[in-house]
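# Coordinates in review
Listed here are the chains, written in short residue letters.
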Amino acid sequence: MNILIIHTAFIGDIVLSTALVKNIKKLYPQSEITYVTTPAGKAILSNNPHLKEVIAYDKRGKNKGIKGMLSLAKELRENKFDIAYIPHRYLRSSLICFLAKIPSRIGYDISEGKLFLNKKVTYRKDLHEVDRLLELLGTDCDDKKLELFPSEKDKEYNENNKCKEPDHCLQKQRKPW
């Protein structure tokens, strides 16, 4: 099974979606999962072992506008995805998946692009974002832990830049007001 996740939101939203990635892989262990996100999101996801590929979609830069959207839809259509999970609630994400001719497009009932979805999941404001994302799967998920997979270069940088004097790491900022 060939699965797409398209979520071109902020970095925090992408981190929260790592539980979704992990649970899709548990639900469909033989699947290949591709994730379309922003360039910053790609940096967060690039080492995730559950993902076959992470595609950076620079919707405000080099891929902006209708031309960029159509180009991405064409690229995705060539991959022949079976399912698209669309946590991003904006028109562009749903329309791209529709134009990519993905047969199963799952997103929220409040999405601006709900017209292009063929399975709508109730968007529940009473849930934490991780739980809300997992609702897209339509099954109970016990594992809600987030996962990050830093590169060796990232680990080395972190190790070399640890704060040596804890009192200096968390300095209180004084506001002039």
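Everything that follows concerns the structure shown earlier in this document.
## Considering the pairing of strand 2 (residues 32-37)
Most of strand 2 sits inside the fold, with five of its six residues counted as buried. With five bridges joining them, strand 1 (residues 2-6) and strand 2 adopt parallel strand pairing. Within strand 2, the residue paired with Ile 6 across the bridge is Val 36. For strand 2 and strand 3 (residues 53-56), the ladder comprises four bridges, and the chain directions are parallel. The partner of Tyr 35 across the bridge, within strand 3, is Val 54. Between the parallel pair strand 2 and strand 3, the chain is carried across by helix 3 (residues 39-45), and the sense of this crossover is right-handed.

## Concerning the sheet that holds strand 6 (residues 119-121)
By definition, the strands of a sheet pair up through backbone hydrogen bonds, in either a parallel or an antiparallel sense. Strand order in the open sheet made by the six strands is 3-2-1-4-5-6, with parallel pairing throughout. Each having just a single partner strand, strand 3 and strand 6 make up the two edges of the open sheet. Each neighbouring strand pair of the sheet contributes to a mean axis angle of 20°, computed without reference to strand direction. Each of strand 1, strand 2 and strand 3 is contacted by helix 4 (residues 65-79), which is oriented at about 165° to strand 3, the strand it contacts most.

## Quick look at the packing of aromatic side chains
Under the counting rule described, the total for this entry stands at two aromatic pairs. Aromatic pair Phe 98 and Phe 116: ring centres 5.1 Å apart, planes at 45°, arrangement tilted. Pair noted here: Phe 98 is in helix 5 (residues 91-99) and Phe 116 is in the loop between strand 5 (104-108) and strand 6, with a separation of 18 residues, a long-range link.

## Some thoughts on the side chain of Thr 8
Along the polypeptide, Thr 8 turns up in the loop between strand 1 and helix 1 (11-16). A polar contact of 3.3 Å, which involves the side chain of Thr 8, links it to the side chain of His 88. In this structure Thr 8 touches Val 36, Thr 37, Thr 38, Tyr 57, Lys 59, His 88 and Ser 93, once residues within four positions along its chain are discounted.

## Notes on the environment of Thr 122
Its place among the elements puts Thr 122 in the loop between strand 6 and helix 6 (129-135). Excluding its chain neighbours within four sequence positions, the residues that come into contact with Thr 122 are Tyr 108 and Asp 109.

## Focus on the environment of Asp 13
For Asp 13, the location among the structural elements is in helix 1. Residue class for Asp 13 comes out partly exposed when judged on its relative accessible area of 24%. Residues Asp 13 and Thr 122, spaced 109 residues apart in sequence, show a C-alpha to C-alpha distance of 18 Å.

## Remarks on the packing of helix 4 against helix 5
The description of two packed helices rests on the angle between their axes and on the distance between the axes. The interhelical angle for the contact between helix 4 and helix 5, taken along N-to-C directions, is 45°, at an axis separation of 8 Å. Overall, the two elements helix 4 and helix 5 adopt an arrangement that is oblique. In the crossing of helix 4 with helix 5, the sense of the turn from one axis to the other is right-handed. In this structure, helix 4 contributes Met 69, Leu 70, Leu 72, Ala 73, Leu 76 and Arg 77 to the contact, and helix 5 contributes Arg 92, Leu 95, Ile 96 and Leu 99. Here the contact of helix 4 with helix 5 is composed, by residue class, of eight nonpolar, no polar and two charged.

## Topic: the environment of Phe 98
Judged by its relative accessible area of 38%, Phe 98 is partly exposed. Spatially, the C-alpha atoms of Phe 98 and Phe 116 are 5.9 Å apart, while their sequence positions differ by 18 residues. Discounting residues that sit within four places of it in the chain, Phe 98 has contacts with Arg 105 and Phe 116.

## Describing the pattern of salt bridges
Any two side chains of opposite charge can pair, so long as their charged atoms come close to each other. Summed over all chains, the structure comprises seven salt bridges. A salt bridge links Glu 152 to Lys 155, with the nearest nitrogen and oxygen atoms 3.4 Å apart. Residue Glu 152 and its partner Lys 155 are both found in helix 7 (residues 152-160); the two are separated by three residues, about one turn of the helix. Classification of Glu 152 by relative accessible area gives exposed; the value is 59%.

What counts, and at which threshold
Residues numbered from 1 in each chain as written. Predicted model: local features only at pLDDT ≥ 70, side-chain atom pairs only at ≥ 80, totals over all residues. Heavy atoms only, no water. Buried < 20%, exposed > 50% of the residue type's maximum accessible area, 1.4 Å probe, protein only. Helix = DSSP H or I, 4+ residues; strand = E, 2+ residues; numbered from the N terminus. Pairing = 2+ DSSP bridges. Right-handed = clockwise from strand over helix to strand, strands pointing away. Axes fitted to C-alpha atoms, helices over the stretch in contact; angles between N-to-C directions. Contact = heavy atoms within 4.5 Å. Phe/Tyr/Trp six-rings, centres within 6.5 Å; stacked < 30°, edge-to-face > 60°. Polar contact = N/O pair within 3.5 Å; in protein donor to acceptor, adjacent residues only side chain to side chain. Parallel < 35°, antiparallel > 145°, perpendicular 65-115°, else oblique. Left-handed = near helix turned anticlockwise from the far one by under 90°. Nonpolar A, V, L, I, M, F, W, Y, C, P; charged D, E, K, R; others polar. Salt bridge = Lys/Arg side-chain N within 4 Å of Asp/Glu carboxyl O.

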